[in-house]
Protein chains: 2
Amino acid sequence: MGIGNFQWNGLEFVHSRGNPVHRQIFRYLSTLIVSGELPAGTKLPSSRDAARQLGVGRNTVITAYDALISDGFLEARQGSGVWVTYEPVAQTIPKSSSPTGTPLSARGRVLSSFVPDISIPGEAAFHPGLPDVGRFPLATWSRLVRRHLRYGQDSLAGYHSTGGLPQLREAIAKLVNLSRGIICNSEQVIITNGAQSALDLVARMILDPGDNFWIEEPGYAGARQAMTAAGGVAVPIPVDENGWHFTQMADVALPKAIYVTPSCHWPSGLVMQRSTRNHVLDLANTHRSWVIEDDYDSEFRFHVSPAPALHSLASDDRVIHLGTFSKTMLPSLRIGYIIAPKAHAASFQNALAATGQHPSLVLQAALTDFINEGFFSTHVRKMRNLYAQRHTAFIQETKEHLPSWMQFRLAKAGMQVVADTHSDVPDQLLSQHARSVGISVTPMTPLFHQLKKRNGLIFGFAALDCDQRQKALQRLNLVL
Amino acid sequence: MGIGNFQWNGLEFVHSRGNPVHRQIFRYLSTLIVSGELPAGTKLPSSRDAARQLGVGRNTVITAYDALISDGFLEARQGSGVWVTYEPVAQTIPKSSSPTGTPLSARGRVLSSFVPDISIPGEAAFHPGLPDVGRFPLATWSRLVRRHLRYGQDSLAGYHSTGGLPQLREAIAKLVNLSRGIICNSEQVIITNGAQSALDLVARMILDPGDNFWIEEPGYAGARQAMTAAGGVAVPIPVDENGWHFTQMADVALPKAIYVTPSCHWPSGLVMQRSTRNHVLDLANTHRSWVIEDDYDSEFRFHVSPAPALHSLASDDRVIHLGTFSKTMLPSLRIGYIIAPKAHAASFQNALAATGQHPSLVLQAALTDFINEGFFSTHVRKMRNLYAQRHTAFIQETKEHLPSWMQFRLAKAGMQVVADTHSDVPDQLLSQHARSVGISVTPMTPLFHQLKKRNGLIFGFAALDCDQRQKALQRLNLVL
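Residues take numbers from 1 onward in each chain, read along the sequence in its written order. Just so you know, chain letters begin at A and ligand numbers begin at 1, following the order they were written in. Owing to the predicted nature of the model, reporting of local features is limited to residues with pLDDT of at least 70; listing and counting of side-chain atom pairs is limited to 80 or more, with chain, interface and lining totals taken over all residues. Only hydrogens and water are removed before side-chain values are computed, so all heavy atoms of the structure are retained for them.

S.K.: I tried to follow the sheet that holds strand S6 (residues 212-217) of chain A on my own but got confused; where do I start?
M.R.: Residue and element names in this part refer to chain A. Strand pairing requires that DSSP identify at least two bridges connecting the strands. Helix and strand assignments follow DSSP, with helices taken as H or I runs no shorter than four residues and strands as E runs no shorter than two, numbered in order from the N terminus. Strands sit in the order S5-S12-S11-S10-S9-S6-S7-S8 across an open sheet of eight strands; the sheet is mixed. Looking at which strands have only one partner, the edges of the open sheet turn out to be strand S5 (189-192) and strand S8 (243-244). Relative to strand S12 (residues 336-339), strand S11 (residues 319-324) runs antiparallel, the two sharing four bridges. Looking at S12, one finds that Thr-324 is bridged to Gly-336.

Structure (structure tokens):
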């Protein structure tokens, strides 16, 4: 990491109306930092020196620096001034591992740098995102799968359902209309191998190498990975217990795409307020950006009424909505969907054929029946109530079983909660300790890339009944 | 298409030993042509002028020109000299379709330019690659799927099988060892959503934008598409009824990857000879290139003994072997596999998690049992005999039912045959006529991109019994 001093050589003030000078300084510096021209470890001039060199008031510089500090670009160090701390990460391509053999591509090395968060076989405590598969109506599902296996219709043998089984696309178009207020036709519904495959396809369809994308920090690693592998450059949207901090984002490196989980922020379970939703759509309109609305876990909200999907609020064709059946049904099912922009629905369908990310047609046919015959909504309703009870009970139990330096935050939605760890032991080490007794708790710090890291642990609670939860918590407490 | 004349300004002879001058001219010109610097429509100097300008013998120039003509880079036109006819295509990115909305990425436009060859629902004649799904042991398969649906093991609910179900990876490692002579460990087996998803992943893992890849012409459109979408630049390997013409390829733009279908050339059904196989491996060694061995349809060979897989012949770690169960079992199953290079097996596994191209774990579990309990090999053996009989009968029937200007070529393997069409009507128009009576025949000319197009039609025959074949042939003959 190079340590250097920064000179104000290049700054030219364009005194556009209604654009205060502190915002221009913010924009100038944040763009240099995101592009890597001002690397982490660079010391900035003091506010006094900067003000003198720029010929502006000192308060103007302080206002700009404060905004950059609160967005995680800079850090003020006691007695030693202001330093760049933000590191752009997309450009760092891992080195090839085999100097003598044929090397992987640079993109291949980025793709394979993703180490998935692997659950412990046979142990659901406390892996995030795991539904209670024991409650899934397997007998019904099995009957529906058999129904389509028995006939072996030639429609299921053929290659003509390139965007997904037409009947399933129709069923999902109705489902998202009823549950999320989305108005789309069935041609816009593209059936993928679950949410990750949807992200992989969308990232490639909308990002070219070097394009900026805004993404929540902390946020979903899979989304960040898919967009980084597509050559995108991540720009963090700060998210904390108070919500999404878009206020300063208007001036940060302009986004080709904005990735958000408004129905249920990953991993905190926050639900985005209506005003923030409108703000995101305004930003997208201003910058002609795509919005990727990852609607995972929107079904499991606790004591709050369903928030409208961004897709249903948008007046234009910029929101790409993603959904999955992994959480509502079975993770092993691997069926998800994209609601593609209307103007590009045929393009997404062709691209899906080019990437081959289709689930089995038999399972698509069974899922169609599962939705159309009402089993899906019944199951979701039951699980919503069950998970809401488990959420409340789990938070209560943690107070009894776990040390007080772990402070749990109530979630508004989802299948996991976050605990802030006020401990000298880093969260990654705490996670390793837990793993040594067969328990998965996911550390928060790896979800911070450019902003200041906060320690914490993510607990999936949905898959466990009272007995399983309490035993796991007792086991966990022994090693903490 | 710009018409221009070419000057020999840039050619510098490096008189390296053992590299004759005509080869240097070949290499110089082919590199300029592949890179687009010498576009189609450029006229080259006469051999006499060229010899004079270069200070070499005229025969040397003629030898080089002849080689470039036979490889499809140049065309000699009666009385008007020698012209560049080859067009590099990877650089042509389709224009964005929505000038006012948010545009797709350049890569997204390439990905979506792939218009899949869509079968006609309910009609198997004569779509290529369709197996006879009526002969598939659906009752057995259904029982095996049910077996795994019934228990709903928590291993099937979890997220820990990132490269595929471990038991299936083990079963496939044994299968390719027995049937293809491949020695690999189960960690090298990466389970994908069929062959196209395997191609999509492999292309991204080994190619960076601008990397050349060699690919058969005519050849498999899906492979070309996947590699082009990954940013690769296609260089054609000429293939005709006499086989693969690698002789001149040693001098063409050096490949990062070589894509071949040695067990059953698409679409002609040729099987690559042992000497050519060794030649491919030598070329890959020389250039440190990857070899992608697409082993589709290797199971269905007619009256020839199984050729060893390139992977089994290679002494190094450069061959990536691809297989699929779409043809041997059901197209709708969508399970395929990559045998990854040993040094990069973990990288491929991580990359698969990043792209989410996993099939359902229940189907993976059922497929494991289908292989391990012997149903797979029994079914393949039966279909091999059946398709061999159908191949012979179909060729005979075409002589009775179709006009004599259609000349069918016997295949050595596969589920389709090619007919050369010696007709004034282009093959794409013939294909449209056939479609008007509900019959799919696939035209050959779209499979030529840079070399001289040859008219022909591809007929899938495997899915049809005698009665279905004859009725379809009679219907087809009416419109031809």
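Next comes the rest of the description.
S.K.: Sorry if this is basic, but what is going on with the pairing of S6(A) here?
M.R.: The side chains of a regular strand alternate between both faces of the sheet. All names here are of chain A. Counting buried residues along S6, six of its six residues qualify, which places the element largely inside the surrounding structure. With a 1.4 Å probe rolled over the protein chains alone, any residue whose accessible area is under 20% of its type maximum counts as buried; one over 50% counts as exposed, and the rest are partly exposed. Taking every second residue as pointing to the same face, both faces of S6 are buried, with Asn-212, Trp-214 and Glu-216 on one and Phe-213, Ile-215 and Glu-217 on the other. When the strands point away from the viewer, a crossover counts as right-handed if the route from the first strand across the helix to the second turns clockwise. Once the chain exits S6 it traverses helix H9 (residues 221-229) before rejoining the sheet at strand S7 (residues 233-240), and the crossover so formed is right-handed. As judged from the three bridges shared by S6 and strand S9 (residues 257-260), these two strands associate in the parallel manner. Bridging across to S9, Trp-214 finds its partner in Ile-258.

S.K.: In this structure, what is going on with the relation of the copies chain A and chain B? I would like to understand it.
M.R.: The operation relating the pair of chain copies consists of a rotation about an axis and a translation along that axis. Our superposition of the copies is a least-squares fit, built on the C-alpha atoms of residues whose pLDDT is at least 70 in both. Turning chain A through 180 degrees and shifting it by 0.1 Å along the axis lays it on chain B, with an RMSD of 0.1 Å. Accordingly, the operation relating the two chain copies is best matched by a two-fold axis. Only heavy atoms matter for contacts: two residues are in contact if any of them lie within 4.5 Å across the pair. Interface residue correspondence from chain A to chain B reaches 100%, placing this contact among same-surface, isologous pairings.

S.K.: Would you explain the pattern of salt bridges in this entry?
M.R.: Oppositely charged side chains are able to pair whenever their charged atoms sit close together. Just to be clear on terms, a salt bridge is a Lys or Arg side-chain nitrogen sitting within 4 Å of an Asp or Glu carboxyl oxygen. Within this structure, the stated rule accounts for 32 salt bridges over all chains. For the salt bridge of B:Arg180 with B:Asp295, the shortest nitrogen-to-oxygen distance reads 2.7 Å. Residue B:Arg180 is located in helix H7 (residues 166-180), and its partner B:Asp295 is located in the loop between strand S10 (290-294) and helix H11 (310-313); the two are separated by 115 residues in the primary sequence. Comparing B:Arg180 with B:Asp295, the two get one shared label, buried. Between B:Arg318 and B:Asp316 there is a salt bridge, and its shortest N-O distance comes to 3.4 Å. For B:Asp316, a relative accessible area of 27% corresponds to the partly exposed category. Shared partners join several salt bridges into a network, and the residues in it are A:Asp200, A:Arg204, B:Asp200 and B:Arg204.

S.K.: I keep staring at the side chain of A:Ser112 and nothing clicks. Help me out?
M.R.: With respect to the secondary-structure elements, A:Ser112 resides in the loop between helix H4 (106-111) and helix H5 (138-151). Taking the relative accessible area as the measure of exposure, A:Ser112 reaches 9% and is therefore buried. Among the polar contacts made by the side chain of A:Ser112, one reaches the main-chain carbonyl oxygen of A:Arg109 at a distance of 3.4 Å. Those residues in contact with A:Ser112 that lie beyond four places of it in its chain are A:Leu104, B:Met205, B:Ser347, B:Asn350 and B:Ala351. Within 3.5 Å is the distance limit for a polar contact, defined as a pair of N or O atoms, with the added protein rule that one can donate a hydrogen and the other accept it, and that residues adjacent in sequence qualify only through two side-chain atoms.

S.K.: So what exactly am I meant to see when it comes to the packing of aromatic side chains here?
M.R.: The description of an aromatic ring pair rests on the distance of the ring centres and on the angle between the ring planes. Any pair of Phe, Tyr and Trp rings, taking the six-membered ring for Trp, is counted once the centres come within 6.5 Å. Such a pair is stacked with planes under 30 degrees apart, edge-to-face with planes over 60 apart, and tilted for the rest. In total, this model carries 32 aromatic pairs over all chains according to the counting rule given. Taken together, the ring pairs in this structure connect A:Phe126, A:Phe302, A:Phe394, A:Phe408, A:Phe459 and A:Phe461 into an aromatic cluster.

S.K.: Please explain the packing of helix H8 (residues 194-206) of chain B against helix H9 (residues 221-229) of chain B as it appears in this structure.
M.R.: The description of two helices packed together rests on the angle between their axes and the distance between the axes. All names here are of chain B. The geometry of H8 relative to H9 is characterised by a closest axis approach of 8 Å and an angle of 30 degrees between their N-to-C directions. Looking at the two axes, H8 sits roughly parallel to H9. As H8 packs across H9, the resulting crossing turns out to be right-handed. Across from Gln-196, Leu-199, Asp-200 and Ala-203 in H8, the residues of H9 making contact are Gly-222, Ala-223, Ala-226 and Met-227. Residue classes follow a fixed rule: Ala, Val, Leu, Ile, Met, Phe, Trp, Tyr, Cys and Pro count as nonpolar, while Asp, Glu, Lys and Arg count as charged, and any other residue, Gly among them, counts as polar. Of the residues assigned to the contact of H8 with H9, the class counts are five nonpolar, two polar and one charged. As a rule, the C-alpha atoms of each element are fitted with a line to give its axis, helices using only the stretch in contact, and angles between N-to-C directions run from 0 to 180 degrees. Oblique is the label for any angle not covered by the other classes, which are roughly parallel (under 35 degrees), roughly antiparallel (over 145) and roughly perpendicular (65 to 115). Note on convention: the crossing is left-handed when the near helix lies turned anticlockwise from the far helix by less than a right angle, right-handed when the turn is clockwise.

S.K.: Would you mind showing me how to read the interface of chain A and chain B here?
M.R.: On the side of chain B, 82 residues touch chain A, which itself brings 82 residues to the contact. Buried surface at the junction of chain A and chain B, summed over both partners, amounts to about 6,700 Å²; 57% is from carbon and sulfur atoms. Connecting chain A to chain B are two salt bridges. The closest approach of N and O atoms between B:Arg204 and A:Asp200, which form a salt bridge, is 2.8 Å. Once two parts are brought into contact, the accessible area they lose, counted with a 1.4 Å probe and summed over both, makes up the buried area.

S.K.: Mind showing me how you'd approach the nonpolar core here?
M.R.: Soluble, globular proteins show a tendency: their nonpolar side chains are buried together. We call a set of buried Ala, Val, Leu, Ile, Met, Phe, Trp, Tyr and Cys residues a nonpolar core when their side-chain atoms join them within 4.5 Å. Residues A:Trp141, A:Phe325, B:Trp141 and B:Phe325 are the most contacted members of the largest nonpolar core, which totals 72 residues. When near neighbours in sequence (up to four residues on either side) are disregarded, B:Phe325 contacts B:Ile172, B:Leu175, B:Leu330, B:Leu333, B:Ile335, B:Tyr337, B:Leu367, B:Ile371 and B:Phe376.

S.K.: Would you take a moment to explain the environment of B:Val441 for this structure?
M.R.: All names here are of chain B. With respect to the helices, strands and loops of the structure, Val-441 is situated in the loop between helix H15 (427-436) and strand S15 (442-443). Distance in space between the C-alpha atoms of Val-441 and Ile-292 is 28 Å, their sequence separation being 149 residues. The residues touching Val-441, leaving out its near neighbours within four places in the chain, are Phe-126, Ser-431, Ala-434, Leu-457, Ile-458, Phe-459 and Leu-476.

S.K.: What is the right way to read the sheet that holds strand S14 (residues 416-421) of chain A from this model?
M.R.: Residue and element names in this part refer to chain A. One open sheet accounts for four strands, arranged S13-S14-S16-S15; its pairing is antiparallel. Looking along the sheet, the strands with just one partner apiece sit at the ends: strand S13 (406-409) and strand S15 (442-443). Both S13 and S14 contribute to a ladder of four bridges, which runs antiparallel. Along S14, the bridge assignment pairs Gln-407 with Asp-420. Helix H15 (residues 427-436) contacts S14, S15 and strand S16 (456-460) of the sheet and is inclined by roughly 40 degrees relative to S16.

S.K.: Explain the environment of A:Asp132 here, please?
M.R.: Residue and element names in this part refer to chain A. Relative to the elements of secondary structure, Asp-132 occurs in the loop between H4 and H5. For Asp-132, a relative accessible area of 12% puts it in the buried group. Taking C-alpha positions, Asp-132 is 6.2 Å from Ala-462, a pair spaced 330 residues apart along the chain. With residues near it in sequence (within four places) discarded, Asp-132 still touches Leu-386, Tyr-387, Arg-390, Ala-462 and Ala-463. At a separation of 3.1 Å, a polar atom in the side chain of Asp-132 contacts the main-chain amide nitrogen of Gly-134.

S.K.: Looking at this structure, I do not really get the environment of A:Gly438. What am I missing?
M.R.: All names here are of chain A. Mapped onto the fold, Gly-438 is located in the loop between H15 and S15. It is 33 Å that separates the C-alpha atoms of Gly-438 and Gly-243, two residues lying 195 residues apart in sequence. Leave out the neighbours within four places in its chain, and Gly-438 touches Ile-120, Glu-123, Ala-125 and Arg-475.

Coordinates in, geometry out; function isn't part of it.
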